[in-house]
Amino acid sequence: MPRPLRAEVFDPKEVCIVHCVQRCVRRAFLTGFDKESGKDYQYRREWIRERMEKLASVFGIDCLTYAILSNHLHVVLRSRPDVVETWSDKQVALRWLQIFPGKRIDEQLGDPT
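Model, not experiment: these values are computed from the prediction.

Student: Sorry, what's going on with the overall build of the protein chain here?
Tutor: Within the protein chain, the secondary structure is distributed over four helices and five strands. The secondary structure elements of the protein chain, listed N-terminal to C-terminal, are α-β-β-β-α-β-β-α-α. Counting all 113 residues of the protein chain, 17% fall into the buried class. Excluding contacts between residues fewer than 6 apart, the proportion of contacts in the protein chain whose partners are at least 24 apart in sequence is 49%. Only carbon and sulfur atoms are counted for the fraction: they give 56% of the accessible area of the protein chain, which is about 9300 Å².

Student: Explanation requested: the pairing of strand 4 (residues 61-68) in the structure shown.
Tutor: Regular strands place side chains that alternate from one sheet face to the opposite one. With seven bridges connecting them, strand 4 and strand 5 (residues 72-79) associate as antiparallel partners. Across the sheet, residue D62 finds its bridge partner in strand 5, namely R78. Here strand 4 folds back onto strand 5 in antiparallel fashion, the turn holding three residues.

Student: Where do I start with the pairing of strand 1 (residues 17-23) in this structure?
Tutor: Along strand 1, only zero of the seven residues are buried, which leaves the element largely exposed. Relative to strand 5, strand 1 runs antiparallel, the two sharing seven bridges. Counterpart to R23 in the pairing with strand 5 is H72.

Thresholds, definitions, all that
Residues numbered from 1 in each chain as written. Predicted model: local features only at pLDDT ≥ 70, side-chain atom pairs only at ≥ 80, totals over all residues. Heavy atoms only, no water. Helix = DSSP H or I, 4+ residues; strand = E, 2+ residues; numbered from the N terminus. Buried < 20%, exposed > 50% of the residue type's maximum accessible area, 1.4 Å probe, protein only. Contact = heavy atoms within 4.5 Å. Areas by Shrake-Rupley, 256 points an atom, 1.4 Å probe, with all protein chains shown as cover. Pairing = 2+ DSSP bridges.

As structure tokens, this is what we get:
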């Protein structure tokens with residue numbers, strides 16, 4: 001039996017709390033020390049934490065808690081439709097450009113202007 005569509009499970013106008021899991025495939029390491037390759041991926045924990053913080057500040061979600069393990073991560077998120085509905089079209093566009101700034105003339109990525 002296939003999983004139900006998210007549109008059938010969640011009302012986009014209600015605050016929802018969800019538990020999300022992201023796993024690595026083929027025995028790949030997300031963080032920690034990989035004994036087979038001899039590489040240490042511990043530095044990725046801070047990178048992932050910073051990226052989650054940035055994404056939560058731009059989109060209408062709150063990251064309530066998270067756990068970053070060696071081959072997967074868990075996050076508990078809360079949607080904030082009450083906050084999002086107060087945003088103007090300009091605010092939405094600027095938030096989008098913070099994550100996907102595109103290219104400037106000199107081919108460098110930068111903050112939206």
